[in-house]
Amino acid sequence: MSTREQLIAETRKWLGVKFSHQGRNRATGIDCGGLMLVATRAIGILDLEFLGYAKYPTEGKFEELLAENSDLLFESVFPFNFTGDEMLPGDMISFDYDNNEGTRHLALVTGWDGRRYKVIEAQPGRGVCEHALAPPFVKTKMMVKGWRLRGLA
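Residues numbered from 1 in each chain as written. Predicted model: local features only at pLDDT ≥ 70, side-chain atom pairs only at ≥ 80, totals over all residues. Heavy atoms only, no water.

1. Some details on the packing of aromatic side chains
Centre-to-centre distance and the angle between the planes together describe a pair of aromatic rings.
Now for step 1: As enumerated under the stated definition, the model contains five aromatic pairs in all.
Now for step 2: Look at F74 and F82: their rings are 5.4 Å apart centre to centre, the planes differ by 65 degrees, and that puts the pair in the edge-to-face class.
Now for step 3: Among the residues examined, F74 registers a relative accessible area of 14% and is labelled buried.
Now for step 4: When its relative accessible area of 17% is taken as the criterion, F82 is described as buried. (Phe/Tyr/Trp six-rings, centres within 6.5 Å; stacked < 30°, edge-to-face > 60°. Buried < 20%, exposed > 50% of the residue type's maximum accessible area, 1.4 Å probe, protein only.)

2. Points about the pattern of salt bridges
Now for step 1: Under the definition given, this model contains six salt bridges.
Now for step 2: For D91, the salt bridge goes to R4, with nearest N and O atoms at 3.0 Å. On the criterion of sequence distance, the pair formed by D91 in the loop between β3 (70-77) and β4 (92-96) and R4 in helix α1 (residues 4-12) is long-range, its members being 87 residues apart. Accessibility classification places D91 together with R4 in one group, the buried group.
Now for step 3: Bridged by salt links that share partners, the residues R4, D91 and R148 form one connected network. (Salt bridge = Lys/Arg side-chain N within 4 Å of Asp/Glu carboxyl O. Helix = DSSP H or I, 4+ residues; strand = E, 2+ residues; numbered from the N terminus.)

3. What to know about the confidence of the model for the protein chain
Close reading of the predicted structure is inappropriate where its pLDDT is low.
Now for step 1: Across the protein chain, the average pLDDT comes to 88, with 90% of residues at or above 70.
Now for step 2: Helix α3 (residues 61-69) is the least confidently modelled element of the protein chain, averaging 82 in pLDDT, while α1 averages 97, the highest of any element. (pLDDT = per-residue confidence, 0-100.)

4. Digging into the nonpolar core
Now for step 1: Formed by 24 residues in total, the largest nonpolar core has its most connected members in L7, W14, I30, L35, M92, V128 and L149.
Now for step 2: Within the residue set of this core, elements represented by two or more residues are α1, α2 (32-42), α3, β5 (105-112), β6 (117-123) and β8 (143-149).
Now for step 3: The element best represented in this core is α2, accounting for five residues.
Now for step 4: Once residues lying within four places of it in the same chain are set aside, the contact partners of L7 are A39, T40, I43, G90, L108, L149 and L152.
Now for step 5: Among the nonpolar cores identified, the runner-up in size contains 14 residues, and F95, V119, L133 and M142 belong to it. (Core = buried A, V, L, I, M, F, W, Y, C linked by side-chain atoms within 4.5 Å. Contact = heavy atoms within 4.5 Å.)

5. Description of the sheet that holds β8
Now for step 1: Strand order across the open sheet formed by six strands is β3-β8-β4-β5-β6-β7, with antiparallel pairing between neighbours. Only two strands of the sheet have a single neighbouring strand rather than two, namely β3 and β7 (127-132). Neighbour-to-neighbour, the strand axes of this sheet turn through a mean angle of 30 degrees, independent of strand direction.
Now for step 2: Across the sheet, α2 lies against β4, β5, β6, β7 and β8, angled at about 60 degrees from β5, the strand it touches most.
Now for step 3: Of the strands in this sheet, β3, β4, β5 and β8 are in contact with α3, which crosses β8 at around 35 degrees. (Pairing = 2+ DSSP bridges. Axes fitted to C-alpha atoms, helices over the stretch in contact; angles between N-to-C directions.)

6. A word on α1
Now for step 1: If you check which residues of α1 are buried, you get R4, L7, I8, E10 and T11. The buried residues of α1 occupy an angular sector of 160 degrees when projected down its axis, which confines them to one face. (Arc of directions from axis to C-beta.)

Listed below in structure tokens is the structure:
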């Protein structure tokens, strides 16, 4: 069985790679969904691919993928009052930036710094980066959902 540590290590291999919508490789770039797909495929827990989603994938593809392969842990609207007990490293966060438009972004939880969750994500203009889940990476109308992937030890 694959571990949370393996998933985080695989995702960290992509740090610094530029963002490219629907990208799937280090040379040309990767997007947030692609990062989660290639990392989970590399450690053998998911073998999925999907392309053709809009620049802002509000038609439910990310949500479907998560619902089929994960368990929903919580839903929370900004401002977040996390305690560090909601998620484990290796869990995923989905982002709905305008509440009710659906999941438009994904990130992987890498830890808790005592105040905030740390995540890895692929962002336009920043590429793949690891940072605290805090402004400017979160917005005031944002809803997030926490997901626990099945198949991780």
